[in-house]
Amino acid sequence: QVQVVESGGGLVQPGGSLRLSCAASGSIYDINSRAWYRQAPGKQRELVAALTNGGRTNIADAVKGRFTISRDNVKDTLYLQMDSLNPEDTAVYYCNIVARSHWANPFSNYWGQGTQVTVSS
């Protein structure tokens, strides 16, 4: 089993910043990609930012220039730095890991429990 745990959410005023963290543990042979998604009330879950093992990033247009995805290779932790936050960024943010537990197994999606980000004055 693979466990994914996010942290770092909270309440922030418009224009403020937050940094989310994500750590994966368990039976991991290798990881293909890591990403952040979010889901606002009444809306579908959407991709915010993704990072492949090759270092390529994919950032949603809605957050481009404000959010940065990165990874600490030593700590094996994924981050989402969120700057210039606005109320439209309010959502539950989920970390997604695409990994496999054995070289012969297919890759699977693993999700964290989500962390709430609320942008409000």
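Shown above is the structure to which this text applies.
Keep in mind the model is a prediction, meaning the values are calculated, not measured. (Residues numbered from 1 in each chain as written. Predicted model: local features only at pLDDT ≥ 70, side-chain atom pairs only at ≥ 80, totals over all residues. Heavy atoms only, no water.)

Draft legend 1. Molecular detail of the packing of aromatic side chains. Evaluated as defined, the whole model comprises one aromatic pair. Centre to centre, the rings of Y37 and W111 are 5.0 Å apart; their planes meet at 65°, and the pair counts as edge-to-face. Highlighted residues: Y37 in strand β4 (residues 30–39) and W111 in strand β10 (residues 108–111), separated in sequence by 74 residues. The class of W111 is partly exposed, set by a relative accessible area of 35%. In this arrangement the basic side chain of R45 is found over the ring face of Y94, its NZ or CZ atom lying 3.7 Å from the centre. (Phe/Tyr/Trp six-rings, centres within 6.5 Å; stacked < 30°, edge-to-face > 60°. Helix = DSSP H or I, 4+ residues; strand = E, 2+ residues; numbered from the N terminus. Buried < 20%, exposed > 50% of the residue type's maximum accessible area, 1.4 Å probe, protein only. Lys NZ or Arg CZ within 6 Å of the ring centre and 35° of its normal.)

Draft legend 2. Looking closely at the pairing of strand β8 (residues 77–82). With five of six residues buried, β8 is to be regarded as a mostly interior element. Of the pairings in the sheet, the one linking strand β3 (residues 18–26) to β8 comprises six bridges and is antiparallel in character. Note that in β8 the partner of C22 across the bridge is L78. Strand direction decides the pairing type here: strand β7 (residues 67–72) and β8, joined by six bridges, are antiparallel. Paired with S70 across the strands is Y79, a residue of β8. Hairpin connection between β7 and β8: a loop of four residues separates the two successive antiparallel strands, and D76 in this loop has a positive phi of roughly 50°. (Pairing = 2+ DSSP bridges.)

In short, shape yes, function no, at least from these values alone.
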